[in-house]
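Listed here are the chains, written in short residue letters.
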Amino acid sequence: MLRLSVDKTEMTLQPGEGVDVAVSFNANVAAITQPGTFTTRLTIGAKTPYRIAPVPVTFVVNSPKTWGKITGTATGVGCTGTSAPLSGATVQISSKTASYTLKTDQSGQYVFWLDVSDSPLTVVAAKGGWAPQTQSVKIKAGDATTADFSLEPDHTCT
């Protein structure tokens, strides 16, 4: 989880008074391994008869300059030739130093950022009932590289 801190944790205000509170963020936590936009709410407790709504907070984590993004879509091409996104397909990304396992979203899409020094990558897409596919992919710093997969049934079509 994103680490959020404030410079003032307790204060006393008279009616009509206000106070500015500085909010700081720390993305250097184990739960944040990828760039992206993170949201949370800052809740405020008060001894007052009035409700104080939580304050929405947005935090953007940029990728390091040496990272590139791999993204793509896994689709299944059935025996009739029609294709559809494969939700929940496994995408295995293997680099020189590590392997990462992802699942595609409802649109069959996946996305992952990693350091370009790990290129080239071996990317495998698989899902039960479909023949897996493998691609070798090279990513570039600051760029998105697309690796789409069109999986065919793992049985003979009649």
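Computed from a predicted structure; not experimentally measured.

Rules used throughout
Residues numbered from 1 in each chain as written. Predicted model: local features only at pLDDT ≥ 70, side-chain atom pairs only at ≥ 80, totals over all residues. Heavy atoms only, no water. Patch = residues over 30% accessible without salt bridge, like charges linked within 9 Å, V, L, I, M, F, W, Y side chains within 5 Å. Areas by Shrake-Rupley, 256 points an atom, 1.4 Å probe, with all protein chains shown as cover. Salt bridge = Lys/Arg side-chain N within 4 Å of Asp/Glu carboxyl O. Helix = DSSP H or I, 4+ residues; strand = E, 2+ residues; numbered from the N terminus. Buried < 20%, exposed > 50% of the residue type's maximum accessible area, 1.4 Å probe, protein only. Phe/Tyr/Trp six-rings, centres within 6.5 Å; stacked < 30°, edge-to-face > 60°. Core = buried A, V, L, I, M, F, W, Y, C linked by side-chain atoms within 4.5 Å. Contact = heavy atoms within 4.5 Å. pLDDT = per-residue confidence, 0-100.

**Concerning a nonpolar patch on the surface**
And step 1. Taken together, Met11, Leu13, Val19, Val21 and Val23 make up a surface patch of nonpolar side chains, about 340 Å² in accessible area.
And step 2. Inspection of the secondary structure puts Val23 in strand β2 (residues 23-26).
And step 3. A relative accessible area of 32% places Val23 in the partly exposed class.

**Quick word on the packing of aromatic side chains**
And step 1. Using the criterion set out here, one finds one aromatic pair in the structure.
And step 2. Aromatic pair Tyr100 and Phe112: ring centres 4.7 Å apart, planes at 40 degrees, arrangement tilted. Placement of the pair is Tyr100 in strand β8 (residues 99-103) and Phe112 in strand β9 (residues 109-115), with a sequence separation of twelve residues.
And step 3. When its relative accessible area of 25% is taken as the criterion, Tyr100 is described as partly exposed.

**So, the nonpolar core**
And step 1. Residues Ile70, Ile93, Tyr110, Leu121, Val123 and Phe149 are the most contacted members of the largest nonpolar core, which totals 18 residues.
And step 2. Elements with a contribution of two residues or more to this core: β5 (67-77), β7 (90-94), β9, β10 (121-127) and β13 (149-151).
And step 3. Ignoring anything within four residues of it in the chain, the contact list for Phe149 reads Thr73, Ala74, Thr75, Tyr110, Val123, Ala125, Gln133, Thr134 and Gln135.

**Let's talk about the confidence of the model for the protein**
Interpretation of this model should avoid reading the predicted coordinates in detail wherever pLDDT is low.
And step 1. Of the residues in the protein, 97% have a pLDDT of 70 or more, and the chain-wide mean is 88.
And step 2. Of all the helices and strands in the protein, strand β1 (residues 3-6) carries the lowest mean pLDDT, 66, while β7 carries the highest, 97.

**Here we look at the side chain of Ser119**
And step 1. Here Ser119 is to be found in the loop between β9 and β10.
And step 2. Residues contacting Ser119, with those up to four places away along its chain left out, are Lys96, Val137, Lys138 and Ile139.

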